[in-house]
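Secondary and tertiary structure notes
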Amino acid sequence: QVQLVESGGGLVQAGGSLRLSCAASGVIYNINYMGWYRQAPGRQRELVATQTTGGSTDYEDSVKGRFTISRDNAKNTADLQMNSLKPEDAVVYYCYENVRTIGSMGTDYWGQGTQVTVSS
């Protein structure tokens with residue numbers, strides 16, 4: 001079974017930076033689609049940044065110009081560089097990957113989440 005593990009969350013002052021990392025383990029033929037989502041209490045999970053294997057990216061409007069997603073296909077990892085952090089960015093961030101495995105052409109996997117806290 002594929003497993004995703006996030007790291008890099010923590011406390012930062014407003015205007016500061018954090019770098020989140022996501023590592024995928026398991027028998028993986030290809031990661032079709034990967035990225036980062038976030039969810040605040042009482043809110044639906046929303047897109048932060050995603051990237052396909054081919055390099056196409058999509059960013060939530062409020063993070064454009066501040067966040068950058070990158071991936072290493074060989075290592076099955078994805079990073080989210082977050083700059084100019086704002087208090088409204090202080091939520092739980094989740095790694096997401098749609099993975100091709102021995103038993104599926106595409107299956108959704110989620111990490112358990114990492115907390116980002118931004119102080120005013």
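It should be noted that the structure appears before, not after, this text.
Residues numbered from 1 in each chain as written. Predicted model: local features only at pLDDT ≥ 70, side-chain atom pairs only at ≥ 80, totals over all residues. Heavy atoms only, no water.

1. Considerations on the packing of aromatic side chains
For clarity, the cut-off: Note on aromatic contacts: the rings of Phe and Tyr and the six-membered ring of Trp form a pair at centre separations within 6.5 Å, being stacked when their planes are under 30 degrees apart, edge-to-face when over 60 apart, and tilted otherwise. Secondary structure elements follow DSSP: runs of H or I of four or more residues count as helices, runs of E of two or more count as strands, with numbering from the N terminus. Throughout, exposure labels follow a simple rule: accessible area from a 1.4 Å probe, protein chains only, divided by the maximum for the residue type, with under 20% read as buried, over 50% as exposed, and the rest as partly exposed. Two limits define a charge over a ring: the Lys NZ or Arg CZ must be within 6 Å of the ring centre, and within 35 degrees of the ring normal.
Going through the model one piece at a time under the given rule, you end up with 4 aromatic pairs. Relative to W110, the ring of Y37 has its centre 5.2 Å away and its plane inclined at 70°; by these criteria the two rings are edge-to-face. One end of the pair, Y37, is in strand β4 (residues 30-39); the other, W110, is in strand β10 (residues 104-110), and 73 residues separate them in sequence. Assessed through its relative accessible area of 37%, W110 is described here as partly exposed. Taken together through their ring pairs, the aromatic side chains of Y33, Y37, Y96 and W110 make up a single cluster. Seen from the ring of W110, R45 lies directly overhead, with NZ or CZ sitting 4.6 Å from the centre.

2. Quick notes on the pairing of strand β7 (residues 67-72)
A regular strand places its side chains so that they alternate between the two faces of the sheet. Note the cut-off: If DSSP finds at least two bridges between two strands, the strands pair.
Going residue by residue along β7, you find F67, I69 and R71 tucked away on one face and T68, S70 and D72 left uncovered on the opposite face. Examined bridge by bridge, β7 and strand β8 (residues 77-82) share 6 bridges and lie antiparallel to one another. Bridging across to β8, F67 finds its partner in M82.

3. Some remarks on the environment of L4
What counts here: Contacts were defined at the residue level, with two residues in contact if any of their heavy atoms lie within 4.5 Å.
Relative to the assigned elements, L4 resides in strand β1 (residues 3-7). The class of L4 is buried, set by a relative accessible area of 7%. A sequence separation of 39 residues divides L4 from R43, and the C-alpha atoms of the two residues are 23 Å apart. If sequence neighbours within four positions are ignored, L4 has contacts with C22, A23, A24, C95, Y96, E97, Y109, W110 and G111.

4. Description of the side chain of E6
We count it as follows: For this count, His and the chain ends are skipped, Lys and Arg are scored as positive, and Asp and Glu as negative. Take a side-chain nitrogen of Lys or Arg and a carboxyl oxygen of Asp or Glu: if they are within 4 Å of each other, that pair is a salt bridge. Here a polar contact is recorded for every N or O atom pair within 3.5 Å, except that within protein the pair must consist of a potential hydrogen donor and a potential acceptor, and residues adjacent in sequence are included only if both atoms are side-chain atoms.
Tracing the backbone shows E6 in strand β1. An unpaired buried charge is present at E6: no salt bridge exists, and R45, the closest side chain of opposite charge, is 7.5 Å distant. Here C95 takes part through its backbone nitrogen, which lies 2.9 Å from a polar atom of the side chain of E6. With residues up to four places along the chain from it excluded, the contact list for E6 reads S21, C22, W36, Y93, Y94, C95, G111, Q112, G113 and T114.

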